[in-house]
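Read off the chains here:
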Amino acid sequence: MQVTLRIQRFNPDTDTKPYYREYAVEVEPTDRVLDALNQVKWYQDGSLTYRRSCAHGICGSDAMRINGRNRLACKVLIKELGSKITVEPLLGFRVIKDLVVDLEPFFDQYRTVMPYLINDEPPPARERLQTPEERELIEDTSKCILCACCTAACPIFWTTEWLGPAAIVNGHRFLFDSRDRATEERLAVLNQRFGVWRCRTIFNCTEACPRGIQVTRAIEQVKRRILFEQG
Amino acid sequence: MYHRFDAVIVGAGGAGLMAAAQLAGKCSVAVISKLYPVRSHTGAAQGGIAAALGNVEEDHWIWHMFDTVKGGDYLVDQDAAEVLAREAIDAIIELEHWGFPFNRLPDGRLDQRRFGGHTRNFGEGPVRRACYAADRTGHMILQTLYQQSIKNQVVFFDEFMVLDLLLTENGVCTGVVALDIATGELHLFHAKAVLLATGGYGRVFKVTSNALSLTGDGVAIVFRRGLPLEDMEFYQFHPTGIYKMGILLSEACRGEGGILRNGLGERFMERYAPTLLDLAPRDVVSRSIYLEIREGRGVEGKDYVYLDLTHLPREVIETKLADNTDFVRTYLGLDPVTDPIPIQPTAHYAMGGIPTDVDGRVTVDAQNTPVPGLYAAGECACVSVHGANRLGTNSLVDLVVFGRRAGRHILQFVQENELHPLPKEPDYQARAEIEWLLESDGDEKVATIRAELQEAMMADVSVFRTGDGLRRARQKLGELRNRYTRIGIDDRGRTFNTDLIEAIELGYLLDCAEAIVACALAREESRGAHYREDFPQRDDVNWLKHTLVTRTSGGLELSYKPVVITRFQPKERTY
């Protein structure tokens, strides 16, 4: 089938502002949007610029707005979208070129939640013990691939300085890990003015997550934990 | 721009980050990565990481070592396999201490599952040896190691692509040249030690589980500098790729009880591996699938068979194989709970690569003479622990064990050695290549040449090979090499020029493909993943040896080095 891709373009070396360009491509209904982008880049216009790597929804490179929703281009099939497909960069980040955005601020926020296990007790000779039930608490949030779909879908993030859903998901992943010993420090970070309380439970993040993580629920669990620990 | 570090690591997958963890805070170290580190392809590994913990049933490292040696069809260097099997245990415990969220047993210890070719008591039957996190074990390794890098404040150069390796006239490694993708600027990294951890080159094949970025960058720059590559003819096809797309479905699907069925509904592995059945090593299973297809027993007479999980409990499929379930639902519109899944073998893993010793030092000859300051680890390296065919989960073991060993050796090396001066005009070659590509205006397209390369390799250099086919592939590669000199690219800018990147990557793919074909054509026997229809038997008398291929001004030259055999004499390999 033939589809028309309407793609937002911007090259900082030659353009003063972004514009849209349309490309007609021949694709199968079962092709990914990434396949269609590759068709354009490989056979029509080599200057089209986007990130991609694994092409099956695991590496998180190709997060972009597809018909207005944040998706991974390799995880949405043409048949879901019809014959006219609009592709734009994620909102809320500086555009470097075409669909490539500057994710440094995103990773800065990620780093502020201390995204690593903290436990200074001398480790045992073998594994630390953790029951399947304790492990289950971090099953959902440990799936995060840091693609930024959730954070870039959050209206609060577009207008206000705050941690954003992805950083909180990663904070949750360690806060609820039975092996971690830094609960107080973690809650202090998540409880600050730019922390969880800026969330207005809009659920855009949950809808956007290509890994199916219940992002809003994770944020709510962190809020509750703060209240309980303070009480 | 000029940078000076004690050590520079190229590649931020499992091997690179594991090495970085050994060096951070102890010497000055930088990690250069073509992608953001969390995008690395280690994250796509699914099913597990093996270690003889014996948590679920009796197990011993020597059984793991034996399985690795036999799985590799006795081309494995057994000193390296012993290191792998022994140190896997400690490495996995270390990952757990760093927070890796392994699946657990009811008593809180690490759970373990079955995987292809891993057996109890030297081949008696499958053993539960693979530790795992659902079916995203690689993702959790990558995340855990990146988390450690943040904790240890490792310096990263994200989205930098390596272009050249710098050696002095005396053959000492002094650094690398890399392109800052965002700005198009060349950077010189001057270092006492360089670790190449750039991953594989699956993109030489049309149907592959490998990321688009896996183009053999580190392997190619070593080759271009006249250093040898080892065992390039051994390339693994994983049995269960999603039909036509090549997306990997984990061996854990079969580890949890999944069965392969042909078009007649038969469990055809009964014919080829009566003991291990569907959990035979990958080379055996992939060949069996193709034999079924050739004999007309593919599904509806086509070139695929089924992976059948429909007899497994829904809960196992949806929790222990959650990502695989998601892939099947997303890309095929099928539900593995009720539908058999169409699969075909998919190009997956390079057993060959840059020759190293067990400390990650790159070596250049049959005597294992090291290149001072140059290291390699992970899929780009050939230790050789995988020999002619890698066992499932052993790639992740390889990353953590040999990434760690390389890191530790580098630390000692940079403490004991001085920084050597850079060669004259160190970035000359890289600059010339970039300028040529940016000005290229020929009528050949990168994508067209790449597609023809992938087609040719798939047709004649995949699971079944013949002398005629390999010669045909060699001729085709020669033609493509020629056409590559007449390419033209569209994007001439400096900023985030991925048109330029893809052109450079195609050059790397051509290098890798030529090396594979030359080695495969010379090896007139069948061993592990290298199956020659015109030489269907393993030939230990003439071919129990590693291939080394070197590029010289006169073309590709082959030489050989002996296999290290310590505990296990080669035997007939049946499953």
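Residues numbered from 1 in each chain as written. Chains lettered and ligands numbered in written order. Predicted model: local features only at pLDDT ≥ 70, side-chain atom pairs only at ≥ 80, totals over all residues. Heavy atoms only, no water.

1. Here we look at the overall build of chain A
Here's step 1: Secondary structure assignment for chain A yields eight helices and seven strands.
Here's step 2: Principal-axis analysis of the C-alpha atoms places the extent of chain A at approximately 60 × 35 × 30 Å.
Here's step 3: For chain A, the proportion of contacts with a sequence separation of at least 24, taken over those separated by at least 6, is 64%.
Here's step 4: With the model as given, the accessible surface of chain A reaches about 9500 Å², and the carbon-plus-sulfur share is 49%.
Here's step 5: Side-chain charges of chain A comprise 33 positive and 31 negative groups, with the mean position of each set lying 3 Å from the other. (Helix = DSSP H or I, 4+ residues; strand = E, 2+ residues; numbered from the N terminus. Contact = heavy atoms within 4.5 Å. Areas by Shrake-Rupley, 256 points an atom, 1.4 Å probe, with all protein chains shown as cover. Lys, Arg positive; Asp, Glu negative; His and termini not counted. Charge placed at Lys NZ, Arg CZ, Asp CG, Glu CD.)

2. Regarding the pairing of strand β8 (residues 173-180) of chain B
Residue and element names in this part refer to chain B.
Here's step 1: Among the eight residues in β8, eight count as buried, and that is most of the element.
Here's step 2: With seven bridges connecting them, strand β7 (residues 160-167) and β8 associate as antiparallel partners. Across the sheet, Val 162 pairs through a bridge with Ala 178, a residue of β8.
Here's step 3: Hairpin connection of β7 to β8: five residues between the antiparallel strands, including Gly 171 at a positive phi of 80 degrees.
Here's step 4: As paired elements, β8 and strand β9 (residues 185-196) share six bridges and run antiparallel to each other. In the sheet register, Leu 179 faces β9, and the bridge partner there is Leu 186. (Buried < 20%, exposed > 50% of the residue type's maximum accessible area, 1.4 Å probe, protein only. Pairing = 2+ DSSP bridges.)

3. Notes on the sheet that holds strand β11 (residues 235-242) of chain B
Residue and element names in this part refer to chain B.
Here's step 1: Strand order in this open sheet of four strands is β11-β14-β13-β12, and the pairing throughout is antiparallel. On the outer flanks of this sheet lie β11 and β12 (259-261), each paired with one strand and no other. Between one strand and the next, the sheet's axes are offset by a mean angle of 45 degrees, whatever the strand orientation.
Here's step 2: In terms of strand pairing, β11 meets strand β14 (residues 341-350) through six bridges, oriented antiparallel. Along β14, the bridge assignment pairs Phe 237 with Ala 347.
Here's step 3: Of the strands in this sheet, β11, β12, β13 (305-308) and β14 are in contact with helix α8 (residues 282-294), which crosses β11 at around 60 degrees. (Axes fitted to C-alpha atoms, helices over the stretch in contact; angles between N-to-C directions.)

4. Concerning the confidence of the model for chain B
Here's step 1: For chain B, the mean per-residue pLDDT works out to 97, and 100% of the residues sit at or above 70.
Here's step 2: Per the prediction output, this complex has pTM 0.97; the corresponding ipTM is 0.97. (pLDDT = per-residue confidence, 0-100.)

5. Section: the side chain of Gln109(A)
Here's step 1: Of note, Gln109(A) is situated in helix α2 (residues 104-112).
Here's step 2: Here the side chain of Gln109(A) touches Trp162(A) through a polar contact of 2.5 Å, landing on its backbone oxygen. (Polar contact = N/O pair within 3.5 Å; in protein donor to acceptor, adjacent residues only side chain to side chain.)

6. Regarding helix α5 (residues 165-175) of chain A
Here's step 1: Most of α5(A) sits out of view: eleven of its eleven residues are buried.
Here's step 2: All of the buried residues along α5(A) are Pro165(A), Ala166(A), Ala167(A), Ile168(A), Val169(A), Asn170(A), Gly171(A), His172(A), Arg173(A), Phe174(A) and Leu175(A).
Here's step 3: Looking at the buried positions of α5(A), the neighbouring elements they touch are α2, α6 (183-190), α7 (204-208) and α8 (215-230) of chain A together with α4 (137-151) of chain B.

7. Side note on the domain arrangement of chain A
Residues and elements named next belong to chain A.
Here's step 1: Under the domain assignment, chain A is made up of domain 1 (2-101) and domain 2 (104-230).
Here's step 2: The distance between the C-alpha centroids of domain 1 and domain 2 comes to 29 Å.
Here's step 3: Listed by partner, the interface residues are 14 residues for domain 1 and 14 residues for domain 2.
Here's step 4: Of the roughly 1100 Å² buried where domain 1 meets domain 2, counting both sides, 66% is carbon and sulfur surface.
Here's step 5: When the buried area of domain 1 at its contact with domain 2 is split by residue, Asn 70, Leu 91 and Phe 93 rank highest and sum to 46% of it.
Here's step 6: Counting across the interface, domain 1 meets domain 2 through zero salt bridges.
Here's step 7: The dominant element in the side of domain 1 that touches domain 2, judged by the number of residues it contributes, is strand β4 (residues 69-72), at four residues.
Here's step 8: Here the side of domain 1 that touches domain 2 is composed, by residue class, of seven nonpolar, four polar and three charged. (Domains from an automatic or database assignment. Buried area = accessible area lost by both parts, 1.4 Å probe. Salt bridge = Lys/Arg side-chain N within 4 Å of Asp/Glu carboxyl O. Nonpolar A, V, L, I, M, F, W, Y, C, P; charged D, E, K, R; others polar.)

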